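Analysis of the macromolecular model
Here are the chains, one letter per residue:
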Amino acid sequence: MASSHHHHNPSVGEIPVPHGPETGDEAEGYPAGYPPARASDEERAIFSYLTHPDDIYTPEGVYWADLPLRERVAFVNKVQNAEAAAELKSIGRMMKKDPLSPVGWYFRNAILPGAGLGLEGYVLFSIGNLEPLFDATWNSCWSAHQTCSANWVAAVTYLEVIGIMAGQFFVGIIGDWVGRRWGLIQDATIMFVGLLMLTASWGLDVQGWVICYAWSLFFYGFGVGGEYPITATSSMENAVSAGKVSTRDDRMHRGRKVTTAFLMQGWGQLVNQALLIILLLIFHHGSGDPPYDMTAVQWTFRLSFAIPAVGTLWLVYYRAYKMPHASRQLAAAKAKNGVTGYDVSSLKMTFKHFGGRLLATAGTWFCNDVFFYGNKLFQSQFIAVITNHSKSVMVTWVWNMCNVIVSLAGYYLASLMIDNKLYGRKWMQQVGFFMCFLMFVIPAFNYGHYSSADGIHSFQAMYFLSSFFNQFGPNSVTFLVAGEVFPTPVRASAHGFSACIGKAGALLASVLYNYIDTQTKFYVVPWFGLIGMLLTFVFLPDTTGLDLKEQERRWAYLREGRGEDYHGIAVHPQHLSMWERFRGVGKTYDAEADLKAKIEDMRTEWTEKERMRAECESRGESTAHLEDDEFNDSVHHYFRRTTGLGGKGASDSEKNE
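Now for a look at the structure at hand. Along every chain, residues carry numbers that run from 1 in the direction the sequence is written. Thresholds applied to this predicted model are a pLDDT of at least 70 for local features of residues and 80 or more for the giving and counting of side-chain atom pairs; totals over whole chains, interfaces and linings are not thresholded and use all residues. The basis for the side-chain values is all heavy atoms of the structure; hydrogens and waters are excluded.

**Some details on the packing of helix α16 (residues 424–444) against helix α21 (residues 526–539)**
For clarity, the threshold we go by: For helices, the fitted axis covers only the stretch in contact; all axes are lines through C-alpha atoms, and the angles between them, taken along N-to-C directions, range from 0 to 180 degrees. A run of DSSP states H or I qualifies as a helix once it reaches four residues; a run of E qualifies as a strand once it reaches two. Both are numbered from the N-terminal end. With respect to orientation, any angle under 35 degrees is reported as roughly parallel, any angle over 145 as roughly antiparallel, any angle of 65 to 115 as roughly perpendicular, and every other angle as oblique. Note on convention: near helix rotated counterclockwise from far helix by under a right angle means a left-handed crossing. Clockwise means right-handed. Contacts between residues were defined by any pair of non-hydrogen atoms, one from each residue, lying within 4.5 Å. Classes in brief: Ala, Val, Leu, Ile, Met, Phe, Trp, Tyr, Cys and Pro nonpolar; Asp, Glu, Lys and Arg charged; the others, Gly included, polar.
Between α16 and α21, the shortest axis-to-axis distance is 7 Å and the interhelical angle comes to 165 degrees. In terms of their interaxial angle, α16 and α21 are classed as roughly antiparallel. The element α16 and its partner α21 pack so that their crossing is left-handed. On α21, the residues that touch Lys426, Gln429, Gln430, Phe433, Phe434, Phe437, Phe440 and Val441 of α16 are Pro526, Trp527, Phe528, Gly529, Leu530, Gly532, Met533, Thr536 and Phe537. Here the contact of α16 with α21 is built from residues that sort into 11 nonpolar, five polar and one charged.

What follows is the structure in structure tokens.
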């Protein structure tokens, strides 16, 4: 064969080989069998739209992460700008046809997927907001502990967090075992019942009510905890709900899809705070100042739980009857691997191949939740100085609302930037952790100045900045990557486990803060930012712009025990952690070798679909679910013409040689 090669110009769309530009006779100097059989010019022309999509490959066929820095920046900016312009034009066309259609689009694509997390943010934020109101109204119970046990008052927080942790862990497993749809319906149902329990919580005395209230929070918390893995995985996989494993929209906006659902948590907090202010003013004669009437407080807190119960009941209906395909991608993955229940084999392989990733997602979430809980350390101090130690809960609530608005700005900026290949997940999380570290460590070593009247405004600014960078950083990123960096069969389990370990950080903070003073708290908290940044740097891969289909493709090779035969972009150094690169995972990356392998993998997929189509037609069943794929007519024609001729996958050009 070597003698048949002649000098020729580089083929358009051909990926440059690692050793240099094409000269026309590269094969002559290679040992027999190396490199693997290359794609023919015909195959390159037919499959280029699948193997080299223009949002991640240059016209010359170079992957964006293989470009020199200046060219990489230019290419990424060009693609991003073109996509932004196309989206703006699309919005313009929508508004021309119907001015309110963008609102409807946002409702379907952000509010509905994130409704559960919005309710979670609403209720859990409400618990913290109501505590000072309960303290001011039933001081003998909540602070003096004369009519209530101190342990049961503390259990209100502990049981809530433990319930969330249990939900995150067990519903994550259920989501991978029974399915995403079941988890979605189950969570909404538990949250609805939990809200009814909170609304109707009662007791023969105040302590009896506290006990009932605490256990109601535990039950509700279980449903809330389940929302984390289920919402993250279903939002991520919703991008492929049409039956495709990956699309251009998924590659460019997968992070935005998940974070726009997640940021509903912030809207839930804002709505809760606004509603509590309105309800207290209504039932407390237009005033937010103490002393507080017990009846007014009862009406305020019970209605604040009853109102979202209505929305949660609707959510149960919507998930049960309007989301029939939520488990489609998981079902396809199980069918492909011949699994009917929980995929224990995949779980074991995840620990083997992705143990470092699990350390990153769980460890960084733990560090983040210590910060998230510690943020309130600022609030109590500057409010006391600014308001001259006001006892009104209304003052605290107004400042809370300001902080939520700042946080929402962080949520939205994270959503806009999280898919930018030049910044993306990893940089966003590292910068966010570092900024939170700075915002805590600066006042830690000069606490007297910053908590005095002279330094309080700087203290207040650091409080808002820590809130902003927590959302525009680890709080948004941890939620996304905890599912994204793992394969479909264990995605919910991995996310649930990471979230559970993360919530342990909140539990640690809530317990620890009861035994140390405020100055010591500021000494302790900042270092979790540095630890989180270090874990991100060493163990977290950057999946920004990485095709989910490539991750699943690599996983298929790993399941078959052929991990070293995978040469695609999922093992590109850009998409691996420092730990994975140190272990040599990226050494198998070879763009040219992968091109032919990718075409053969598509052939296998096409052959399986044709077999399934023939079986359905023979039984007189519909084949509609098999029609929606990424293969155009040229691909179908090529596979029909070449499959089974001269051995599997032999092309005409190969047989002629």
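**A closer look at a nonpolar patch on the surface**
Note the following rule: Grouping into patches uses exposed residues only, defined as over 30% relative accessible area, and leaves out salt-bridged ones; the cut-off is 9 Å for like charges and 5 Å for nonpolar side chains (Val, Leu, Ile, Met, Phe, Trp, Tyr). Areas reported as accessible are Shrake-Rupley estimates using a 1.4 Å probe. Residue values count occlusion only from the protein chains shown. By definition, a salt bridge exists where a carboxyl oxygen of Asp or Glu is found within 4 Å of a side-chain nitrogen of Lys or Arg. Per-residue accessibility, obtained with a 1.4 Å probe over protein chains only, is compared with the maximum for each type, and a residue is labelled buried under 20%, exposed over 50%, and partly exposed between these values.
On the surface, a cluster of nonpolar side chains totalling about 470 Å² of accessible area is made up of Phe107, Trp314, Tyr317 and Tyr321. A per-element tally of the nonpolar patch places helix α11 (residues 294–321) first, with three residues. Note on placement: tryptophan 314 falls in helix α11. Overall, the relative accessible area of 39% leaves tryptophan 314 in the partly exposed class.

**As for the environment of tyrosine 411**
The residue tyrosine 411 is located in helix α15 (residues 393–417) in this model. When sequence neighbours within four positions are dropped, the list of residues in contact with tyrosine 411 reads Phe262, Leu263, Gln265, Gly266, Gln471, Asn475 and Ser476.

**Let's talk about the packing of aromatic side chains**
The line we're drawing: Side-chain rings of Phe, Tyr and Trp, where Trp is taken by its six-membered ring, are said to pair if the distance between their centres is within 6.5 Å; with planes under 30 degrees apart they count as stacked, over 60 as edge-to-face, and otherwise as tilted.
Enumeration over the complete set of coordinates arrives at 47 aromatic pairs. Ring geometry for tyrosine 463 against phenylalanine 464: centres 5.1 Å apart, planes inclined by 45 degrees, an arrangement best described as tilted. Side by side, tyrosine 463 and phenylalanine 464 carry an identical accessibility label, which is buried. Among the aromatic residues, those joined into a cluster by ring pairs are Phe134, Trp138, Trp142, Trp209, Tyr213, Phe301 and Phe305.

**Here we look at unusual backbone geometry**
The residue after proline 290, namely proline 291, is reached through a cis peptide bond having omega 0 degrees. With respect to the secondary-structure elements, proline 291 resides in the loop between α10 (264–283) and α11. Located in the positive-phi region is histidine 145, a residue other than glycine, with phi close to 55 degrees. Looking at histidine 145, the relative accessible area reads 33%, which means it is partly exposed.

**Some points on the pattern of salt bridges**
In total, this model carries 33 salt bridges according to the counting rule given. The salt bridge involving lysine 596 is made with glutamate 43; its shortest N-O contact spans 2.9 Å. In this pair, lysine 596 is assigned in helix α24 (residues 591–618) and glutamate 43 in helix α1 (residues 41–51), connecting sequence segments 553 residues apart. The shortest N-O distance in the salt bridge between glutamate 600 and arginine 603 comes to 3.1 Å. With glutamate 600 and arginine 603 both in helix α24 and three residues apart, this pair spans about one turn of that helix. Relative accessible area serves as the criterion here: at 18%, glutamate 600 is assigned to the buried category. The network of salt bridges with common partners includes Asp54, Asp55, Glu83, Arg248, Arg251 and Asp547.

**Side note on helix α9 (residues 248–262)**
So the rule is basically this: Multiply 1.5 Å by the residue count of a helix minus one, and that product is the helix's expected span. Given a residue, its bend is the angle between the two axes fitted to the seven residues that end at it and to the seven that start from it.
Between its first and last C-alpha, α9 extends 22 Å over 15 residues, near the 21 Å set by a 1.5 Å rise per residue. Where α9 bends most, the angle comes to about 60 degrees, and this point is arginine 254. Of the residues making up α9, those classed as buried are Asp250, Arg251, Met252, His253, Arg254, Gly255, Val258, Thr259, Thr260, Ala261 and Phe262.

**Here's the deal with the state of the cysteines**
Filter applied, for reference: Any two cysteine sulfur atoms within 2.5 Å of one another count as a disulfide.
In this structure the tally under the stated criterion is one disulfide. Put simply, cysteine 141 and cysteine 148 are joined by a disulfide, and their sulfur atoms are 2.0 Å apart. One disulfide, between cysteine 141 and cysteine 148, carries an S-S torsion of -105 degrees and so falls in the left-handed class. Overall, the relative accessible area of 0% leaves cysteine 141 in the buried class. Given a relative accessible area of 5%, cysteine 148 falls into the buried group.

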